[in-house]
Amino acid sequence: MHPQNKMGGIHRRGHFLLSAIASLGFLSATLQLNIVKINALSCFERRRFLETTAALSSISTSLVSPANAADSASLIADRLDSDIITTPSITAGSKNSGHENLYFPDWLEGDWDATQTLMSTKAPLGLKYIGGPSGDTEIARKTMDEQAKRIGEAVRLKLRFVSTKWGVVEDRAFNLRSRIDAFAGKQVVASVNYADVRESNRESVLKAGGAESDPLTTTLVYFKGPAAQKQFIISYGSNALEEDEWAGYELQRSIFALTNNSIAPPVTTDTEAIYKFKRLTSDTVEGQLRLA
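Reading guide: rules and limits
Residues numbered from 1 in each chain as written. Predicted model: local features only at pLDDT ≥ 70, side-chain atom pairs only at ≥ 80, totals over all residues. Heavy atoms only, no water. Helix = DSSP H or I, 4+ residues; strand = E, 2+ residues; numbered from the N terminus. Buried < 20%, exposed > 50% of the residue type's maximum accessible area, 1.4 Å probe, protein only. Core = buried A, V, L, I, M, F, W, Y, C linked by side-chain atoms within 4.5 Å. Contact = heavy atoms within 4.5 Å. Phe/Tyr/Trp six-rings, centres within 6.5 Å; stacked < 30°, edge-to-face > 60°.

Draft legend 1. Representation of unusual backbone geometry within the structure. Despite not being glycine, Asp244 shows a phi value in the positive range, around 65°. Mapped onto the secondary structure, Asp244 falls in the loop between strand S11 (227–242) and strand S12 (245–258). Judged by relative accessible area, which is 28%, Asp244 ranks as partly exposed.

The following block contains the structure:
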């Protein structure tokens, strides 16, 4: 099965991309992800899971209100294959609970061995948006050529979804390190920590009966080189489509900065992830992911 995802201006099929090294233009991708779940009883007993993802990020996109777009289950699923890039309004903090998160289906809980394969890539909004700050078309062409070389390339990584008092959530710290290292082809992450923000913080989680180990929505990544990235979730939503079928989205804001004496300013990017999952049997799930 070949799930799909997209991003700003380029479309790609393939693996998850490094969220820390997200594109600075408008890239969209479609990817195929094969995930095998590792059961608690034996690391050799596994379930099969198929997902498609996209992998880059856009600096700016048009906004669409969640009330009439992003929070609609059918429209969330429809946007997986659309070249029209829309971004939901900011909703983080609207619940004032201090333990906000995107909750996935219960059947995604667990550790997974994943294989993601880039299937296609394109730039719906034109090359000028992926040519760096100056819109250099030569840089843009090289970017597209590099992505084309990765089509069909399989990247293996591990993903983890954990159960909390409120539902199953992504272990962002674990998965972020796994994705970045996997797509870099080596260990480039020194550490990933959760950071407290008003919308999601440890004190509120514990006061509400959650656990010390419950994932939060904000992460801080330190690389082995002189760089760091902070990632926030500023909008999210989900809907059950039918029995054993689910769609959801989250809008991530990333701030990437050098930690040496460089005077280069931090780079801020917004990335929307749209997910669609369907459980085929008790052991098999297929899904799609678009990042834009």
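Draft legend 2. Local environment of the nonpolar core. If you look at the biggest cluster of nonpolar residues, it comprises 19 residues, and the most contacted ones within it are Leu102, Phe104, Leu108, Phe161, Trp246, Tyr275 and Phe277. Counting residues per element, the ones that place at least two in this core are strand S6 (110–122), strand S7 (154–164), S11, strand S13 (267–281) and strand S14 (284–291). Excluding residues that lie within four positions of it along the chain, Tyr275 makes contacts with Ile76, Leu102, Phe104, Glu170, Trp246, Ala247, Gly248, Glu250, Gln288 and Leu289. If you look at the next biggest cluster of nonpolar residues, it comprises nine residues, including Ala173, Leu176, Val188 and Val189.

Draft legend 3. Examining the packing of aromatic side chains more closely. Inspection of the entire model under this criterion finds seven aromatic pairs. Ring geometry for Phe104 versus Phe277: centroids 6.2 Å apart, planes at 50°, classification tilted. You can see Phe104 sitting in the loop between strand S5 (86–88) and S6 and its partner Phe277 sitting in strand S13, a full 173 residues away along the chain. Note on Phe223 and Phe256: the rings are 5.9 Å apart at their centroids and 65° apart in plane angle, and the pair reads as edge-to-face. Of this pair, Phe223 sits in strand S10 (residues 219–223) while Phe256 sits in strand S12; the two residues are 33 residues apart in sequence, bridging distant segments of the chain. Among the residues examined, Phe223 registers a relative accessible area of 11% and is labelled buried. Joined through ring pairs, the aromatic side chains of Phe104, Phe161, Trp246, Tyr275 and Phe277 make up one cluster.

By themselves, these figures tell us nothing about what the structure is for.
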